[in-house]
Amino acid sequence: MSQEFLNRLKNYLDERLKGEVLYDSLKPFKIEVFPPSNKYWRWWVRTESYGVPVAVVAEHGDGTVSVKSDLLDKAGDDIIERLCKSYRSKFAKARGNKEEEEVWDALRRKEEDEARKDYLNRRNFEKHLKKSYWHAFLRLLWFDEVARRISEEHGVEVRVEIDKVDYESGLESKFDGSNMDEEKKFEEIRKRVEAVIAAYKLAHQAYHFREPKKREKFLEFRKANLAKYGIKR
């Protein structure tokens, strides 16, 4: 990949993402090129900004090009935090009884492990939507629905990817650029940047807690899905 292409991509991302960062001003994108000995990556163009719809564009060693968003959710942290709160009264009652405390802690950790695995594998939603951490599972349903809608609208696939270690989620759109010239590759990147930006903005309707007008589509989705599983909130 030529330096001219990477400079053009950097300049495009700097301009296109200006004003799109949710929490701060945009930190300029930086280019990183890897040596031929690196089997995993060829190059990255990325920013360290937090809350940016597109955080990195990268080419893998096999020629796959990925356009990735910043994080959408930290479900692993959310599940742990809410389970700890729900078990707080049990721990309080067991205070001073080491054996009982260990039993409750083992149960909490077992429930946590099951929830995280089910989140990763997108299963047992009816069960988890009844738990204290139900928001995380509802958001995952919403993010997947957003990815489906935006994929249809933009004609490119957008997916929700979940990290297998921390259970953090984000959006990604990728394609095989191994046989493309630079002009075609740039155009494919541009299409996916637009799709990921649109998906990231729509997905974030889940977080506009105090502004109902900014989360109308999410609220409609939430109502319909809770009703689908027979859950009242």
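Heads up: the structure comes first, above all this text.
Bear in mind that the values here come from a model prediction, so they are computed numbers and not experimental data.

Cut-offs used in this document
Residue numbers here run from 1 along each chain, matching the order of that chain's written sequence. With pLDDT at 70 or above as the cut-off, local features in this predicted model cover only qualifying residues; side-chain atom pairs require 80 or more to be listed or tallied, and sums for whole chains, interfaces and linings still use all residues. Side-chain measures here rest on the full set of heavy atoms in the structure, leaving out hydrogens and waters. Under the DSSP-based scheme used, a helix requires at least four consecutive residues in state H or I and a strand at least two consecutive residues in state E, with every element numbered from the N terminus. Contact criterion: two residues are considered in contact whenever any of their non-hydrogen atoms come within 4.5 Å of each other. Here, any two strands with at least 2 DSSP bridges between them count as paired. Every axis in this analysis is a line fitted to C-alpha atoms, fitted for helices over the stretch in contact. Angles between the N-to-C directions lie between 0 and 180 degrees. Working definition: roughly parallel below 35 degrees, roughly antiparallel above 145 degrees, roughly perpendicular at 65 to 115 degrees, and oblique for all remaining angles. In this scheme the handedness of a crossing depends on how the near helix is turned from the far one: anticlockwise by less than a right angle means left-handed, clockwise means right-handed. When residues are grouped by polarity, Ala, Val, Leu, Ile, Met, Phe, Trp, Tyr, Cys and Pro land in nonpolar, Asp, Glu, Lys and Arg in charged, and all others, Gly among them, in polar. Salt bridges, as used here, are contacts in which a Lys or Arg side-chain nitrogen is within 4 Å of a carboxyl oxygen on Asp or Glu. Under the scheme applied here, a residue whose accessible area is under 20% of the maximum for its type counts as buried, over 50% as exposed, and between as partly exposed, the area being computed with a 1.4 Å probe on protein chains only. For the purposes of these results, a polar contact is taken to be a pair of N or O atoms within 3.5 Å, where, inside protein, one atom must be able to donate a hydrogen and its partner to accept one; residues adjacent in sequence count only when each atom of the pair is a side-chain atom. A helix is expected to span 1.5 Å for every residue after the first. Relevant arc is that of directions from the helix axis to the C-beta atoms, nothing else.

A.B. asks: Outline the environment of Tyr200, supporting the account with residue identities and numerical values.
C.D. replies: Assignment of secondary structure puts Tyr200 in helix H7 (residues 182-203). Between the C-alpha atom of Tyr200 and that of Asp70, which follows or precedes it by 130 residues, the distance is 8.6 Å. The contacts of Tyr200, once residues within four sequence positions are left out, are Leu22, Gly51, Val52, Pro53, Ser69, Asp70, Leu71, Leu72 and Leu171.

A.B. asks: Outline the pairing of strand S6 (residues 168-176), supporting the account with residue identities and numerical values.
C.D. replies: With eight bridges joining them, strand S4 (residues 64-74) and S6 adopt antiparallel strand pairing. Bridging from a neighbouring strand, Leu71 pairs with Gly170 of S6. Relative to S6, strand S5 (residues 159-162) runs antiparallel, the two being bridged by four bridges. Each residue of the ladder has a partner; that of Val160, found in S6, is Leu171. Between S5 and S6, which pair antiparallel one after the other, the connecting turn spans five residues, and Tyr167 there sits at a positive phi close to 60 degrees.

A.B. asks: Account for the packing of helix H1 (residues 3-16) against H7, naming residues and giving values.
C.D. replies: Between H1 and H7, the least distance of the axes is 11 Å, while the angle of their chain directions is 20 degrees. Compared by their axis directions, H1 and H7 come out roughly parallel. Here the hand of the crossing between H1 and H7 comes out right-handed. Facing Phe5, Arg8, Leu9, Tyr12, Leu13 and Arg16 of H1, the residues of H7 in contact are Glu182, Glu183, Lys185, Phe186, Ile189, Arg190, Val193, Glu194 and Ile197. For the contact of H1 with H7, a count of residues per class yields eight nonpolar, no polar and seven charged.

A.B. asks: Now, about the pattern of salt bridges: what can you tell me, with residues and values included?
C.D. replies: Pairing is possible between side chains of opposite charge, provided their charged atoms come close. Scanning all chains against the criterion turns up 27 salt bridges. Put simply, Glu20 and Arg16 hold a salt bridge, and the shortest N to O gap is 3.0 Å. Overall, Glu20 belongs to the buried group, its relative accessible area being 14%. A salt bridge links Lys185 to Glu59; the nearest nitrogen and oxygen atoms lie 3.2 Å apart. Of this pair, Lys185 sits in helix H7 while Glu59 sits in strand S3 (residues 56-60); the two residues are 126 residues apart in sequence, bridging distant segments of the chain. A relative accessible area of 3% places Lys185 in the buried class. Among the residues examined, Glu59 registers a relative accessible area of 2% and is labelled buried. Each of Arg16, Glu20, Glu194 and Lys201 takes part in one network of salt bridges that share partners.

A.B. asks: Can you tell me about the side chain of Ser66, naming the residues and giving the values?
C.D. replies: Among the secondary structure elements, Ser66 is positioned in strand S4. Assessed through its relative accessible area of 1%, Ser66 is described here as buried. Of the polar contacts made by the side chain of Ser66, one reaches the side chain of His60; its length is 2.8 Å. Ignoring sequence-local partners within four residues, the contact set of Ser66 consists of Val56, Val57, Ala58, His60, Glu172, Ser173 and Lys174.

A.B. asks: Explain helix H2 (residues 75-86) residue by residue, including any values.
C.D. replies: With 12 residues, H2 ought to run about 16 Å at 1.5 Å a step, and its terminal C-alpha atoms sit 16 Å apart, in line with that. Along H2, the positions that sit buried rather than exposed are Ala75, Gly76, Asp78, Ile79 and Leu83. Across the axial projection of H2, the buried residues extend over an arc of 165 degrees, all falling on one side.

A.B. asks: If you had to explain the sheet that holds S5 to someone new, which residues and values would you point to?
C.D. replies: Read across the open sheet, the six strands follow the order S1-S2-S3-S4-S6-S5; overall the sheet is antiparallel. Each edge of the open sheet is held by one strand with a lone partner, namely strand S1 (30-33) and S5. Ignoring strand direction, the axes of neighbouring strands in this sheet form an average angle of 25 degrees. Pairing geometry for S3 and S4, over four bridges, is antiparallel. In the sheet register, Glu59 faces S4, and the bridge partner there is Val65.

A.B. asks: Lay out the environment of Phe186 in plain terms, naming residues and giving numbers.
C.D. replies: If you trace the backbone, Phe186 turns up in helix H7. Spatially, the C-alpha atoms of Phe186 and Ala115 are 40 Å apart, while their sequence positions differ by 71 residues.

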